[in-house]
Amino acid sequence: MSNITSEDLFKNIISHAKEYGFIFQSSEIYDGLSAVYDYGQNGSELKKNIREYWWKAMVQMNENIVGIDAAIFMHPTTWKASGHVDAFNDPLVDNKDSKKRYRADVLIEDHLAKIEAKISKEVEKARTRFGDSFNEETFRTTNARVLENQKKIDEINMRFKNALEVGDLNEVRQIIIDLEIVCPVSGTRNWTDVRQFNLMFNTQLGSVSEESSTIYLRPETAQGIFVNFLNVQKTGRMKIPFGIAQTGKAFRNEIVARQFIFRMREFEQMEMQFFIKPGTEMEWYKHWKDVRLKWHRSLGFPETVHRFHDHLKLAHYANAACDIEFKFPFGFKELEGIHSRTDFDLGNHEKFSGKKLQYFDPDSGQSYVPYVIETSIGLDRMFLAILSQSYAEEKLEDGSERVVLRIPEFLAPVKCAVLPLVKKDGLPEKAREIMDRLKFDHLCQYEEKDSIGKRYRRQDAIGTPFCITVDHQTLEDQTVTIRYRDSMVQERIEVGSIEKILIDKVDMKKALRQISG
Ligand code: GAP
């Protein structure tokens, strides 16, 4: 494990995800569809559990947040009002030699990441050299090489930001040329012009013979919330500040689809729009940054795997925005976005629909279009974060090896495996009896095939936190062995106590308490 490169580690995680029924390439028998994936028997459980944890943390734990489930198809004017028809674009550039197409911003970001990596290398070298007396902040603000590289990053960022702000695509191309960025495939700098490409998929509503109109597959779930703002506010008698949450599919015609389920063409979002009084947005923006980071940290991963990243290029709707980034095997990347969207969306829907979307404030007697703070997380990305952080290849004391998924217990696809030691002597019947009791509360698995060691390994590989083994002693004294996934420790416990132990360890409540306190 220790010598493995992060690239190899990522490859191993991807093959593990397939081998153990977490994720399959979509329509694999037809050689798959690029950047589209299916979740298998274990993947769909893990995904459902993550969704449930998000939903409970947002809706169940907050009296002023309610959930909805809007349709994927929406009136086409929605996307005119939201700005997606005109501005939901990626700047693309082709390499004339390899004929490969890239996102210009990704080429520049990758270049910046290389400079960033140089800085990190300097920092780590100095940390080793100075030991305990090392002060990272002082080093970063005084070391000449670090400062020089940081200056380069800042200059590129500033130039890039300015170019995007004024929509100067020639300048974006010039940055790529000036930074001497080469195509990873051809190795040349023979770039075409940079041009904008809209990411929305469209289709026709109605049959061809009748009058048909172009509609879009939603590129974000948020607009289903905005157009229902007044419906929910009125029927739920919601008072500002309040939130509307939603989970569901979103679609984007991503040009650079890579890194497994990190960037997909069909994916799922978990979004919450929090409606507030104009002028209070910075206070609520900070609030939701803190709340969402706490949610991520409640999974018990090291604090170093999360960091905030402020947006340089603000989306067309935002006046402040940041990402919570996660340390994926391929580096720190966006996991969740927190955006202060002002009254951009509601204001535009008012304009385009001709309907008032205002809140009447009973305290002041005034009506206004609320401002919005949005939290938006990709469920698939969250899945990848948990999968990659949980995956471990271990060498055991006896020289054998195991792959284990240390998924937080309450999110694990299967909570407990019930295993008769042998397939005879009444042990399967006893194990079935236990299984029949546990299945009302948890997804459990009954397994009697292969040696007990092999069965433990299979359960480790799918992240099952507990294995209950029924042996001959069980029939005599009503005790079983419980084996813990992470420590591999085995304990003898009474059959009657299994349910309590399980509830104690796999209940989502504990994690929810941690974030609500
Ligand atoms: N409503 C705001 C919005 O959609 P975004 O930053 O474009 O903002 C929010 O997307 C989150 O959705 C991202 O942080 C990411 O987790 C997820 N996401 C976006 N595009 C994705 C894609 N192509 N594949 C998987 N997840 C994606």
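What counts, and at which threshold
Residues numbered from 1 in each chain as written. Predicted model: local features only at pLDDT ≥ 70, side-chain atom pairs only at ≥ 80, totals over all residues. Heavy atoms only, no water. Helix = DSSP H or I, 4+ residues; strand = E, 2+ residues; numbered from the N terminus. Rg over C-alpha atoms; globule rule 2.2 N^0.38 Å. Contact = heavy atoms within 4.5 Å. Areas by Shrake-Rupley, 256 points an atom, 1.4 Å probe, with all protein chains shown as cover. Lys, Arg positive; Asp, Glu negative; His and termini not counted. Charge placed at Lys NZ, Arg CZ, Asp CG, Glu CD. Disulfide = S-S within 2.5 Å. Axes fitted to C-alpha atoms, helices over the stretch in contact; angles between N-to-C directions. Parallel < 35°, antiparallel > 145°, perpendicular 65-115°, else oblique. Left-handed = near helix turned anticlockwise from the far one by under 90°. Near = heavy atom within 4 Å. Polar contact = N/O pair within 3.5 Å; in protein donor to acceptor, adjacent residues only side chain to side chain. Nonpolar A, V, L, I, M, F, W, Y, C, P; charged D, E, K, R; others polar. Buried < 20%, exposed > 50% of the residue type's maximum accessible area, 1.4 Å probe, protein only. Pairing = 2+ DSSP bridges. Salt bridge = Lys/Arg side-chain N within 4 Å of Asp/Glu carboxyl O. Expected span 1.5 Å × (residues − 1). Core = buried A, V, L, I, M, F, W, Y, C linked by side-chain atoms within 4.5 Å. Domains from an automatic or database assignment.

Q: Can you explain the overall build of the protein? Please cite residues and give values.
A: Counting its secondary structure elements, the protein contains 18 helices and 23 strands. In terms of overall size, the protein behaves like a compact globule, its C-alpha atoms giving a radius of gyration of 26 Å where 517 residues would be expected to give roughly 24 Å. In terms of overall dimensions, the protein has C-alpha extents of about 80 × 60 × 60 Å along its principal axes. Contacts in the protein between residues far apart in sequence, at least 24 positions, make up 65% of those at least 6 positions apart. With the model as given, the accessible surface of the protein reaches about 25,400 Å², and the carbon-plus-sulfur share is 49%. Between the centroid of the 74 positive side chains of the protein and the centroid of its 79 negative side chains there is a distance of 1 Å.

Q: Talk me through the state of the cysteines; I want residue IDs and the actual numbers.
A: Working definition of a disulfide: a covalent bond connecting the sulfur atoms of two cysteines. Summed over the entire model, instances satisfying the criterion amount to zero disulfides. Unpaired in this structure, Cys416 has its nearest cysteine sulfur neighbour in Cys444, at a distance of 4.8 Å.

Q: Talk me through the packing of helix α2 (residues 41-60) against helix α18 (residues 509-516); I want residue IDs and the actual numbers.
A: For the pair α2 and α18, the least separation of the axes is 11 Å and the interaxial angle reads 40°. By the angle between their directions, the pair α2 and α18 is classed as oblique. The way α2 lies across α18 gives a crossing that is right-handed. Taken together, the residues of α18 that come into contact with α2 (itself represented by Tyr53, Lys56 and Ala57) are Ala511, Leu512 and Ile515.

Q: Explain the site of the ligand residue by residue, including any values.
A: Around the ligand, the surrounding shell holds 21 residues, and the nearest of these are Glu220, Arg252, Met264, Glu271 and Glu334. Contacts to the ligand include Met264, whose backbone N or O atom sits 2.8 Å from a nitrogen atom. Relative to its unbound accessible surface of 560 Å², the ligand loses 94% to contact with the protein. Listing elements by their share of the shell around the ligand, those giving two or more residues are β10 (266-276), β13 (331-342) and β16 (371-378). Ranked by residues supplied to the shell around the ligand, first place goes to β13 with six residues. The residue makeup of the shell around the ligand, split by class, is six nonpolar, five polar and ten charged.

Q: Can you explain the pairing of strand β9 (residues 242-251)? Please cite residues and give values.
A: Most of β9 sits inside the fold, with nine of its ten residues counted as buried. Pairing between strand β3 (residues 65-67) and β9: three bridges, direction parallel. Residue Ile65 lies in a different strand from β9, and its bridge partner there is Gly243.

Q: Could you give an account of unusual backbone geometry, naming the residues involved and the relevant values?
A: Of note, the amide linkage connecting Ile240 to Pro241 takes the cis form, showing an omega dihedral of 5°. On the secondary structure map, Pro241 appears in the loop between α10 (229-235) and β9. Positioned with a positive phi, Lys99 is a non-glycine residue whose angle comes to about 65°. Counting through the fold element by element, Lys99 comes out in the loop between β4 (89-94) and β5 (101-103). Lys99 sits in the exposed class, given a relative accessible area of 65%. One non-glycine residue with positive phi stands out, namely Met488, at about 65°.

Q: Any chance you could break down the pattern of salt bridges for me, citing the residues and the numbers?
A: Inspection of the entire model under this criterion finds 44 salt bridges. Ionic contacts of the salt-bridge type, sharing partners, join the residues Glu394, Arg402, Arg406, Arg457, Asp460, Arg483, Arg485 and Asp486 into one network.

Q: Mind laying out the sheet that holds β9, listing which residues take part and the relevant values?
A: The seven strands lie next to each other as β3-β9-β10-β16-β13-β12-β11, forming an open sheet whose pairing is mixed. In this open sheet, the two edge strands, each paired with only one partner strand, are β3 and β11 (306-310). When strand polarity is set aside, the average angle formed by the axes of neighbouring strands in this sheet is 25°. Here β10 pairs with β16 via eight bridges, running antiparallel. Paired with Gln269 across the two strands is Gly378, which belongs to β16. Packed onto the sheet, helix α13 (residues 379-390) meets β10, β12 (320-328), β13 and β16 and runs at close to 35° relative to β12.

Q: Before we move on, can you summarise helix α5 (residues 104-130) with the specific residues and values?
A: Each α-helix winds once per 3.6 residues, and so residues spaced three or four apart point in a common direction. An ideal rise of 1.5 Å per residue puts 39 Å on 27 residues; α5 measures up with 40 Å between its terminal C-alpha atoms. If you check which residues of α5 are buried, you get Ala104, Asp105, Val106, Leu107, Ile108, His111, Leu112, Ile115, Ile119, Glu122, Val123 and Ala126. Buried residues in α5 make contact with β4, β5, α6 (136-142), α7 (144-165) and α8 (169-178). Of the residues one or two after α5, Gly131 is the one with positive phi, at around 60°.

Q: Kindly report on the sheet that holds β4, identifying the contributing residues and their values.
A: Working definition: the strands of a sheet are paired by backbone hydrogen bonds and lie parallel or antiparallel to each other. Ordered by their spatial adjacency, three strands build an open sheet running β5-β4-β6, and the pairing between neighbours is antiparallel. Since the sheet does not close on itself, it has two edges, and those belong to β5 and β6 (195-198), each with one partner. Strand-to-strand, the axes of this sheet are offset by a mean angle of 45°, without reference to chain direction. Against the sheet, α5 touches β4 and β5, its axis set at about 70° to β5.

Q: Which residues make up the nonpolar core, and what are the values?
A: Ranked by internal contacts, the top residues of the largest apolar core, which has 63 residues, are Ile23, Ile50, Tyr53, Ile261, Trp295, Phe383 and Leu411. Each of two domains, domain 1 (1-79 + 199-391) and domain 3 (402-516), supplies a minimum of three residues to this core. Sequence-distant contacts of Trp295, that is, excluding residues within four places in its chain, are made with Ile50, Tyr53, Trp54, Ala57, Ile377, Met382 and Ile515. Counting residues in each nonpolar core, the second largest holds 27 residues, with Leu107, Ile156, Phe160 and Val172 among its members.

Q: Describe the domain arrangement of the protein, naming the residues involved and giving the relevant values.
A: On domain assignment, one finds that the protein holds domain 1 (1-79 + 199-391), domain 2 (89-196) and domain 3 (402-516). Here the C-alpha centre of domain 2 lies 27 Å away from the C-alpha centre of domain 1. Each partner contributes residues to the interface: domain 1 has nine residues there, and domain 2 has ten residues. At the boundary of domain 1 with domain 2, the tally comes to one salt bridge.

Q: Describe the environment of Val194, with residues and values.
A: Assignment of secondary structure puts Val194 in the loop between α8 and β6. With residues near it in sequence (within four places) discarded, Val194 still touches Pro91, Leu92, Val93, Ala104, Leu169, Val172 and Arg173.

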